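Each chain is listed here by its residues.
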Amino acid sequence: MGKDIEVGTEYAPKDYQDPPPAPLIDPEELGKWSFYRAIIAEFIATLLFLYITVLTVIGYKSQIDPDHNGEQCGGVGILGIAWAFGGMIFVLVYCTAGISGGHINPAVTFGLFLARKVSLVRAIMYMLAQCLGAICGCGLVKAFQKAYYVKYGGGANTLNDGYSTGTGLGAEIIGTFVLVYTVFAATDPKRNARDSHVPVLAPLPIGFAVFMVHLATIPVTGTGINPARSFGAAVIYGKEKAWDDQWIFWVGPFIGAAIAAFYHQFILRAGAVKALGSFRSNA
């Protein structure tokens, strides 16, 4: 009687080569339907994102309003709001990743542009679509619940009392760094090739990153980390308070995205070392 031999499965990493960087200007993509389809996908995704999340914020504020017999411990709470933002990002990135890459955020698009993952034209068009989608999403919320929308601040981002401008800016920079760094890590083709035997659902860690950042920074800025989200809410809400610190929700996320792109591409992926080696070999 022979021994039973347990045969283990050995996983060999796939062959991998870095994809070529996206051209700064790519005239060819302007003639492709896939380019315009991706722009539409970014518009619709950002519209849905703002519609669901702003409704959640307004619903929570109405549930704790003493004028409506609300209680401070009622409603979904900060945890529920964070889940709404993180959950929607998970769902929408899953739905649109194969069409547009599932950015849904100008800061993410900016970081990927700096890393030469998308062209300048695509980056600009994505950002415009995202901002327009955010405006339309907030417009739908206001159309359905106008009284609540105005009374409870329209989901607009503002620097909360007790926090300095520097603190708010720092919170937005760090929060966006966490998000964009997660995007780079979750979508890194080298990692997917090396760990091909490990199933990785990229939208999941990205959604969790959004969830965790919201838990940390809602008390500070209401959590922007997405310029389109902050801009769309400010446009539809239309009150001066929503515009007072609007620059924080653009400058902070863009700085955070730039740092994440540099860290991933030049530190973790050793882009600077590769470039120097290539320069020396050609010298």
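Since we're looking at a predicted model, the values are computed, not measured.

What counts, and at which threshold
Numbers given for residues are sequential positions, taken from 1 along each chain in its written order. Residues qualify for local features only when their pLDDT is at least 70, as the model is predicted, and side-chain atom pairs are given and counted only at 80 or more; totals for whole chains, interfaces and linings, by contrast, use all residues. The side-chain values count all of the structure's non-hydrogen atoms but skip hydrogen atoms and water molecules. Put simply, DSSP marks the helices as runs of H or I at least four residues long and the strands as runs of E at least two long, and each gets a number from the N terminus on. Only protein chains enter the accessibility calculation, which uses a 1.4 Å probe; a residue is then buried when its area is under 20% of its type maximum, exposed when over 50%, and partly exposed in between. What makes two residues a contact is simply this: any of their non-hydrogen atoms within 4.5 Å. Here the Shrake-Rupley method, with its probe set to 1.4 Å, supplies the accessible areas, and only the displayed protein chains count as covering residues. By nonpolar core we mean a set of buried residues, namely Ala, Val, Leu, Ile, Met, Phe, Trp, Tyr and Cys, connected to one another through side-chain atoms within 4.5 Å. UniProt positions are given in the numbering used here, feature names are shortened, and annotations may be inferred rather than shown by experiment. Angles here are taken between N-to-C directions and fall from 0 to 180 degrees, while the axes themselves are lines fitted to C-alpha atoms, restricted in helices to the stretch in contact. Roughly parallel here means an angle under 35 degrees, roughly antiparallel means over 145, roughly perpendicular means 65 to 115, and every remaining angle is called oblique. In this classification, the charged set is Asp, Glu, Lys and Arg, the nonpolar set is Ala, Val, Leu, Ile, Met, Phe, Trp, Tyr, Cys and Pro, and all remaining amino acids, among them Gly, are polar. The bend reported for a residue corresponds to the angle between axes fitted to the seven residues ending at that residue and the seven starting there. We call Phe, Tyr and Trp rings a pair once their centres come within 6.5 Å, taking the six-membered ring for Trp, and we label the pair stacked below 30 degrees between planes, edge-to-face above 60, and tilted otherwise. Residues adjacent in sequence count toward polar contacts only when both atoms are side-chain atoms; beyond that, a polar contact is any pair of N or O atoms within 3.5 Å, and within protein one must be able to donate a hydrogen and the other to accept it. Of the two site types, the cavity is a set of points on a 1 Å grid over the protein atoms alone where a 1.4 Å probe fits but cannot get out, and the pocket is an open set with protein on both sides within 12 Å along at least five of seven lines, each lined by residues with an atom within 4 Å of a point. Grid points are joined across faces, edges and corners, and a volume is the space filled by probe spheres set on the points.

**A look at the overall build of the protein**
When helices and strands are counted, the protein shows 12 helices and 0 strands. Its helices and strands taken in sequence order, the protein reads α-α-α-α-α-α-α-α-α-α-α-α from the N to the C terminus. In the protein, which comprises 283 residues, the share counted as buried stands at 45%. Excluding contacts between residues fewer than 6 apart, the proportion of contacts in the protein whose partners are at least 24 apart in sequence is 81%. If you sum the accessible surface of the protein, you get close to 14800 Å²; carbon and sulfur atoms cover 64% of it.

**So, the nonpolar core**
Ranked by size, the top nonpolar core spans 51 residues in total, and within it F49, V54, C138, Y149, L179 and I206 carry the most contacts. Listing elements by their share of this core, those giving two or more residues are helix 1 (33-63), helix 2 (77-96), helix 3 (106-114), helix 4 (120-144), helix 6 (165-187), helix 8 (203-221), helix 9 (227-237) and helix 11 (248-268). Residue contributions to this core peak at 7 residues, all from helix 1. Beyond its immediate sequence surroundings of up to four residues, I206 is in contact with I89, V93, L179, T182, V183 and A186. Of all hydrophobic cores here, the second largest spans 5 residues; its members include F35, A38, I39 and A129.

**Some words on the UniProt feature "transmembrane region" (unreviewed entry) in the protein**
Those residues carrying the UniProt feature "transmembrane region" (unreviewed entry) are residues 39-60, 80-102, 123-144, 164-186, 198-220 and 247-268 in this numbering. Between the end C-alpha atoms of residues 247-268 the distance is 30 Å, and the span holds 95% helix and 0% strand.

**Structural notes on the packing of helix 3 against helix 4**
Close contact between helix 3 and helix 4 brings their axes to 9 Å; oriented N to C, the two are set at 175°. The orientation of helix 3 relative to helix 4 falls into the category roughly antiparallel. Here P106, T109, F110 and F113 of helix 3 come into contact with helix 4, specifically with L120, A123, Y126, M127 and Q130. When the residues that make up the contact of helix 3 with helix 4 are grouped by side-chain class, the tally is 7 nonpolar, 2 polar and no charged.

**Remarks on helix 8**
The sharpest bend along helix 8 reaches about 45° and sits at L215, with the proline P219 one to four residues further on. Looking only at helix 8, the buried set comprises P203, I206, G207, A209, V210, F211, V213, H214, T217, I218, V220 and T221. Lining the buried residues of helix 8 we find helix 2, helix 6 and helix 11. Looking one or two residues beyond helix 8, the residue adopting positive phi is G222, at roughly 80°.

**A closer look at the packing of aromatic side chains**
Within the structure shown, the criterion is met by 16 aromatic pairs. Ring geometry for F49 against F85: centres 5.6 Å apart, planes inclined by 80°, an arrangement best described as edge-to-face. You can see F49 sitting in helix 1 and its partner F85 sitting in helix 2, a full 36 residues away along the chain. For the pair formed by F49 and F85, the shared burial category is buried. Each ring, one from Y181 and one from Y263, has its centre 5.3 Å from the other, and the planes form 70°; the classification is edge-to-face.

**Comments concerning the side chain of T53**
Looking at where T53 falls in the secondary structure, it is placed in helix 1. We classify T53 as buried; its relative accessible area is 0%. Only 2.6 Å separates the side chain of T53 from the backbone oxygen of F49, close enough to count as a polar contact.

**Considering the layout of surface pockets**
Approximately 530 Å³ is the volume found for the second largest pocket. Lining the second largest pocket we find 23 residues, and of these K61, A156, T158, N160 and G222 sit closest to its centre. Going through the elements one at a time, helix 1, helix 2, helix 8, helix 9 and helix 10 (240-244) are the ones with two or more residues in the lining of the second largest pocket. Broken down by class, the residue content of the lining of the second largest pocket amounts to 11 nonpolar, 8 polar and 4 charged.

**Some remarks on unusual backbone geometry**
Its identity as a non-glycine residue notwithstanding, I104 has a phi of 60°, on the positive side. The class for I104 is buried, based on a relative accessible area of 0%. The phi angle at I225 is positive, at roughly 50°, despite the residue not being glycine. Among the structural elements, I225 can be located in the loop between helix 8 and helix 9. The exposure class assigned to I225 is buried, which follows from its relative accessible area of 2%.

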